[in-house]
Amino acid sequence: QVQLVESGGGLVQAGGSLRLSCAASGRTFSGYSMGWFRQAPGKEREFVAAINWSGGITSYAEYVKGRFTISRDNVKNTVYLQANSLKPEDTAVYYCAATTLTRYLTANLREYDYWGQGTQVTVSS
């Protein structure tokens, strides 16, 4: 098993930036591909970004491409989401997730095995 703890959320004005972190503990972190998802009030949880075990391959949802960057540090057992040029519609609880599926990156939340508790991001206009 792996335990995930997100941090770094907060209140920011539109156009601002935040760096979310997700610290992992438990089994070997580098054995997992990692993803970030988000859920706004009254909406379904949606894919944001994913990264493979080495950090060499990434995938982004169209609505964050060019603004968000996912990265990981396998020494620190941490995955990051750098969110720039934030918009009010980015307001949501952001979750990190881990999957043992490593043959390809997936945006399907059902294919992720472990989830963090989430961190709130609020973007004011």
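The structure under discussion appears in the preceding block.
Residues numbered from 1 in each chain as written. Predicted model: local features only at pLDDT ≥ 70, side-chain atom pairs only at ≥ 80, totals over all residues. Heavy atoms only, no water.

(A) Examining the sheet that holds strand 7 (residues 68-73) more closely. Taken in spatial order, the four strands of this open sheet run 1-3-8-7, and their pairing is antiparallel. Strands with a single pairing partner mark the edges of an open sheet, and in this sheet they are strand 1 (2-7) and strand 7. Between one strand axis and the next, the sheet turns by 15 degrees as a mean value, whatever way the strands run. Alignment of strand 1 against strand 3 (residues 18-26), held across six bridges, turns out to be antiparallel. Bridge assignment links V2 to a residue of strand 3, and that residue is G26. (Pairing = 2+ DSSP bridges. Helix = DSSP H or I, 4+ residues; strand = E, 2+ residues; numbered from the N terminus. Axes fitted to C-alpha atoms, helices over the stretch in contact; angles between N-to-C directions.)

(B) Broad picture of unusual backbone geometry. Phi angles above zero are rare outside glycine, and N77 is one such case at about 55 degrees. Among the structural elements, N77 can be located in the loop between strand 7 and strand 8 (78-83).

(C) Quick peek at the pattern of salt bridges. Summed over the entire model, instances satisfying the criterion amount to four salt bridges. Across the salt bridge formed by R38 and D90, the nearest N and O atoms sit 2.8 Å from each other. Here D90 lies in the loop between strand 8 and strand 9 (92-99) and R38 lies in strand 4 (residues 33-39), a separation of 52 residues in the sequence. Classification of R38 by relative accessible area gives buried; the value is 5%. The buried category is assigned to D90, whose relative accessible area is 1%. (Salt bridge = Lys/Arg side-chain N within 4 Å of Asp/Glu carboxyl O. Buried < 20%, exposed > 50% of the residue type's maximum accessible area, 1.4 Å probe, protein only.)

(D) Structural detail: the pairing of strand 8. Of all six residues in strand 8, five are buried, a share of seventy percent or more. Bridge count between strand 3 and strand 8: six bridges; the pairing is antiparallel. By the bridge assignment for strand 8, S21 is matched with Y80. In this sheet, strand 8 lies alongside strand 7 in antiparallel orientation, the contact comprising six bridges. Opposite T69, over in strand 8, you have Q82 as the bridge partner. A loop of four residues connects strand 7 with strand 8, the two strands running antiparallel in sequence, and N77 in this loop sits at a positive phi of about 55 degrees.

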